[in-house]
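# Inside the fold
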Amino acid sequence: MLTRKQMELLLFIDSYLNSRGIAPSFEEMKEAVNLKSKSGIHRLVKALEERGFLRRLPHRARALEVLRPPPSRTVDRPERQPGRRFRPSVIKGDFRSGPGTERPSDDRASVALPLYGRIAAGTPIEALRDETNHIDVPGDMLGAGEHYALEVDGDSMVDAGILDGDTAVIERCETAENGTVVVALVDDSEVTLKRLRRKGESIALEPANVRYETRIFGPGRVKVQGRLRAILRRY
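Residues numbered from 1 in each chain as written. Predicted model: local features only at pLDDT ≥ 70, side-chain atom pairs only at ≥ 80, totals over all residues. Heavy atoms only, no water.

Along the backbone of the protein chain there are three helices and 12 strands. Across the 235 residues of the protein chain, 44% fall into the buried class. Residue pairs at least 24 apart in sequence account for 60% of intrachain contacts in the protein chain once pairs closer than 6 positions are excluded. Accessible area for the protein chain stands at about 12900 Å²; split by element, carbon and sulfur atoms hold 47% of it. (Helix = DSSP H or I, 4+ residues; strand = E, 2+ residues; numbered from the N terminus. Buried < 20%, exposed > 50% of the residue type's maximum accessible area, 1.4 Å probe, protein only. Contact = heavy atoms within 4.5 Å. Areas by Shrake-Rupley, 256 points an atom, 1.4 Å probe, with all protein chains shown as cover.)

So, in structure tokens, the structure goes:
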């Protein structure tokens, strides 16, 4: 199963090829699926290649071939209008109802989220991003927006019900309210799962275990990369 962004990109490429006979540029793909960098498009294209949906033709510019039709090919695809972003009419099994979203007809449908590796719920560790691993998550756990998953490593959040070995489902965002459990990037090199507290320009990353101390950082040292949406646990 494809992630939401993979589905959007595949539908856009397929529609673009059918209407123009050539593949879109990476800049057009970036704008179509609303990503900030071309590196994200490279990762999506690579993932679609690995899943057998796309093939890049060697020694040719803008040369992509759709090997398998998009899973939603049976649904009429909207035509791309000049000056407007591409938006597929249906995204399978994803989100709760709300402004600008579609609710899946079957709440039991699952969504494949990228599993980026282990995140410290203790001392921060360097972020790991592995684009090859995915995990199936029930669609009704997710809200509108982009999501990913991380495996919890450590016990500093046990009093918040987050245990070592759990899988954290994260909604990608760049800001969060006080008291929210967030994925925090520290000094652009370490990542940790903690409760966010702001006071003036300082940010505190607060554990949920008396054995650990709250860490306080000055302006610009902490960036929010997502907020906790759900916890998955195996027994």
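Right, let's get into the pairing of strand β7 (residues 167–171). Most of β7 is tucked away: five of the five residues are buried. Of the two faces of β7, the one carrying Thr167, Val169 and Glu171 and the one carrying Ala168 and Ile170 are both buried. Relative to strand β12 (residues 222–232), β7 is paired through five bridges, and the arrangement is antiparallel. Bridge assignment links alanine 168 to a residue of β12, and that residue is isoleucine 231. (Pairing = 2+ DSSP bridges.)

This next bit is on the packing of aromatic side chains. In this description, an aromatic ring pair is defined by two values, namely the gap between the centres and the angle between the planes. As enumerated under the stated definition, the model contains one aromatic pair in all. Residues phenylalanine 12 and tyrosine 16 carry aromatic rings whose centres are separated by 5.6 Å and whose planes lie at 65° to one another, so their mutual orientation is edge-to-face. Here the residue phenylalanine 12 and the residue tyrosine 16 both occupy positions in helix α1 (residues 4–20), the gap between them amounting to four residues, near one helical turn. Since its relative accessible area comes to 4%, tyrosine 16 is described here as buried. Over the ring of phenylalanine 53 we find arginine 68; its NZ or CZ atom is 4.0 Å from the centre of that ring. (Phe/Tyr/Trp six-rings, centres within 6.5 Å; stacked < 30°, edge-to-face > 60°. Lys NZ or Arg CZ within 6 Å of the ring centre and 35° of its normal.)

What follows is about the nonpolar core. Leu9, Ile13, Met29 and Ile41 are the most contacted members of the largest nonpolar core, which totals 20 residues. The element contributing the most residues to this core is α1, with six residues. If we skip the residues at most four places from it in the chain, leucine 9 touches Met29, Val33, Ile41, Leu44, Val45 and Leu48. Listed in part, the 15 residues of the second largest apolar core include Ile119, Leu150, Val152 and Met157. (Core = buried A, V, L, I, M, F, W, Y, C linked by side-chain atoms within 4.5 Å.)

Tallying each qualifying case throughout the model produces 13 salt bridges. Between arginine 56 and glutamate 49 there is a salt bridge, with its nearest N and O atoms 2.7 Å apart. Residue classification places glutamate 49 among the partly exposed positions, given a relative accessible area of 26%. A cluster of three or more residues bridged by salt bridges with shared partners is formed by Arg4, Lys5 and Glu8. (Salt bridge = Lys/Arg side-chain N within 4 Å of Asp/Glu carboxyl O.)

Turning to the packing of α1 against helix α3 (residues 38–50), a few remarks are in order. Taken N-terminus to C-terminus, the directions of α1 and α3 make an angle of 85°; their axes are 10 Å apart at the nearest point. It follows that α1 is roughly perpendicular to α3 by the angle criterion. Facing α1, whose interface residues are Lys5, Gln6, Leu9 and Leu10, α3 presents Ile41, Leu44, Val45, Ala47 and Leu48. (Axes fitted to C-alpha atoms, helices over the stretch in contact; angles between N-to-C directions. Parallel < 35°, antiparallel > 145°, perpendicular 65-115°, else oblique.)

One non-glycine residue, asparagine 34, lies in positive phi territory at about 60°. Here asparagine 34 shows up in the loop between α2 (26–32) and α3. Positive phi outside glycine occurs at aspartate 187, with the angle close to 55°. Here aspartate 187 shows up in the loop between β8 (181–186) and β9 (190–199). With a relative accessible area of 38%, aspartate 187 lands in the partly exposed category.

So, on to α3. In this model, α3 (13 residues) spans 18 Å end to end at C-alpha, consistent with the 18 Å of a helix rising 1.5 Å per residue. All buried positions along α3 are accounted for by Gly40, Ile41, Leu44, Val45, Ala47 and Leu48. Buried residues along α3 cover an arc of 160° about the axis, so they all sit on one side. Where the residues of α3 are buried, they touch α1, α2, β1 (54–56) and β2 (64–66). (Expected span 1.5 Å × (residues − 1). Arc of directions from axis to C-beta.)

The next thing to look at is the environment of histidine 134. One can find histidine 134 in strand β5 (residues 134–138). In this structure, the C-alpha to C-alpha distance between histidine 134 and alanine 112, residues 22 residues apart in sequence, is 5.9 Å. Those residues in contact with histidine 134, other than ones at most four positions away along the chain, are Thr3, Gln6, Arg51, Ala112, Leu113, Pro114 and Leu115. At a separation of 2.5 Å, a polar atom in the side chain of histidine 134 contacts the side chain of arginine 51. (Polar contact = N/O pair within 3.5 Å; in protein donor to acceptor, adjacent residues only side chain to side chain.)

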